[in-house]
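Analysis of the macromolecular model
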Amino acid sequence: MSITADGYLNGTRPAPDELLPSAVPVRFVTEEGTAADAPSEYAASSDDRLGEAYRRMVVARRFDQQASALTRQGRLAVYPSSRGQEACQVAGALALRQQDWLFPTYRDTAAVVSRGVDPVEVLTLLRGDWHCGYDPVATRVAPLCTPLATQLLHAVGMADALRRRGEDAVVMAFVGDGGTSEGDFHEALNFAAVFGAPVVFLIQNNQYAISVPLAEQTAAPALAYKGVGYGVRSEQVDGNDLVAVLAVLDEAVEHARSGHGPFLVEAHTYRLDGHTNADDPGRYRDEEEVRRWAAADPLPRLQAWLRTRGTLTDQDIDAAQAEAEALAADLRARIELDGPPDVLEMFDHVYTHPTPQLNEQRRSLETEVEGTEA
Ligand SMILES: Cc1ncc(C[n+]2csc(CCOP(=O)(O)OP(=O)(O)O)c2C)c(N)n1
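Here the structure is a predicted model, which is why all the values come from computation and not from measurement.

About the cut-offs
- Residues numbered from 1 in each chain as written.
- Predicted model: local features only at pLDDT ≥ 70, side-chain atom pairs only at ≥ 80, totals over all residues.
- Heavy atoms only, no water.
- Helix = DSSP H or I, 4+ residues; strand = E, 2+ residues; numbered from the N terminus.
- Rg over C-alpha atoms; globule rule 2.2 N^0.38 Å.
- Buried < 20%, exposed > 50% of the residue type's maximum accessible area, 1.4 Å probe, protein only.
- Domains from an automatic or database assignment.
- Near = heavy atom within 4 Å.
- Polar contact = N/O pair within 3.5 Å; in protein donor to acceptor, adjacent residues only side chain to side chain.
- Areas by Shrake-Rupley, 256 points an atom, 1.4 Å probe, with all protein chains shown as cover.
- Nonpolar A, V, L, I, M, F, W, Y, C, P; charged D, E, K, R; others polar.
- Salt bridge = Lys/Arg side-chain N within 4 Å of Asp/Glu carboxyl O.
- Core = buried A, V, L, I, M, F, W, Y, C linked by side-chain atoms within 4.5 Å.
- Contact = heavy atoms within 4.5 Å.

To continue, consider the overall build of the protein chain. In terms of helices and strands, the protein chain carries 13 helices and seven strands. Here the C-alpha atoms of the protein chain give a radius of gyration of 22 Å, agreeing with the 21 Å that 2.2 N^0.38 yields for 374 residues. Reported as C-alpha extents along the three principal axes, the dimensions of the protein chain are approximately 70 × 55 × 40 Å. By residue count, 50% of the 374 residues in the protein chain fall in the buried class.

Structure below.
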């Protein structure tokens, strides 16, 4: 570790004016699917990559719909839907390389599926199991995180460790608008900036923290401005415009990968469904607002854009839909195949040498379970 002449650790820092986000969210495609006046500093992806993003968004939405249906059938304990947030979820996964890490929240299951993790394993935790279902090291995806913003500190620690080990890997950490009021969010930004950790923070500002609207959450001009005070380069983007989200995240990942430290992106989006299946959003938001955001849905917007460019055919659309249906059918077929969990497993994998008290509790539970089964 070295301290430079201007007093920073590990090299240069962006100048103050380079940290500032755009005054309005970056946008490439309008709600009607036509071209917007996009800023030149971000590069749109190739049509091939955007076609791949479209396919993944169709799959993500079908996965989300299927998971919501599983809660209504009592086959899944709880599900926080990301319907309407697919541009963020898919762009987040697409911007990463295989060696990179993703740190999701409970709402980011579609991103984890888009990263290639088995959908059944992605839903393991939300079925009520005690473990996260997939192998975080093999998949390079941290467990879905429920305590708000704690994953950000884990992500920064991981990014800093990867940098110290000289690995070519970037970490992307998701957080909601509500999560930006947590102390952990601020500590994570500060730590990441001081140590130049290669981490991209993606705020999905879906306008609500359960029933708390953004206006009651913050007085900042935009959440993206929260990075500036810590020395983190920041940007805001139309989170329902896949082309824009991917362009900004590509830049953010490249910034982190090339040794320029952390990058904060705020994506303005909207959760079209309730906070979870246990929530009634009609109690805190009106239908007119939901209708307005439904008209800004990221999926038909990207479809219209690619259709106008002549790069998405009817066959492509049908193929994406068929793939999504196959995934949903497979999910329905496999979600309960592993049966009820072994309750005694909760004593495993915590201590190499469990305490005498834990051993006693295990024996006690074992006796109780045997008594129930007898
Ligand atoms: C540390 C902590 N405090 C409170 C909660 C309860 N809680 C669960 S979700 C939520 C709202 C989060 O909103 P936001 O960060 O905007 O994410 P979203 O759910 O909209 O994706 C709260 C307060 C929690 N999970 N963790």
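It is worth spelling out the domain arrangement of the protein chain at this point. The parts lose accessible area when they come together, and the size of an interface is often stated as this lost area. Once the domains are mapped, the protein chain shows domain 1 (16-341) and domain 2 (342-373). Each of domain 1 and domain 2 has a C-alpha centre, and the two are 38 Å apart.

This part covers the site of the ligand. Taken together, 15 residues form the shell around the ligand, and within it Tyr106, Arg107, Gly178, Gly179 and Tyr208 come nearest. For the ligand, an oxygen atom lies 3.0 Å from a polar atom in the side chain of Asn206. Contact between the ligand and His275: an oxygen atom at 3.5 Å from a side-chain N or O atom of the residue. Contact with the protein chains covers 71% of the free accessible surface of the ligand, which is 590 Å². In the shell around the ligand, the residues fall into six nonpolar, six polar and three charged.

Quick look at the pattern of salt bridges now. Evaluated as defined, the whole model comprises 27 salt bridges. Close ionic contact of Arg83 with Asp273 constitutes a salt bridge, the shortest N to O distance being 2.7 Å. On the criterion of sequence distance, the pair formed by Arg83 in the loop between α2 (47-72) and α3 (86-94) and Asp273 in the loop between β7 (263-268) and α10 (287-294) is long-range, its members being 190 residues apart. Of the residues examined, Arg83 reaches a relative accessible area of 30% and is grouped as partly exposed. A salt bridge links Asp118 to Arg334, with the nearest nitrogen and oxygen atoms 2.8 Å apart. Placement of Asp118 in the loop between α4 (109-114) and α5 (119-122) and of Arg334 in helix α12 (residues 314-334) is noted, with a sequence separation of 216 residues between them. The exposure class of Asp118 is partly exposed, given its relative accessible area of 24%. Arg334 gets classed as partly exposed once you look at its relative accessible area, which sits at 29%.

Let us now look at the nonpolar core. Membership of the largest hydrophobic core comes to 68 residues, with the highest contact counts inside it found for Tyr54, Leu123, Met172, Leu242, Leu249 and Leu302. Ranked by residue count, the leading element in this core is helix α9 (residues 242-257), at 11 residues. Leu249 has contacts with Ala91, Gly92, Ala95, Met172, Val200, Leu202 and Val265, leaving out every residue within four places of it along the chain.

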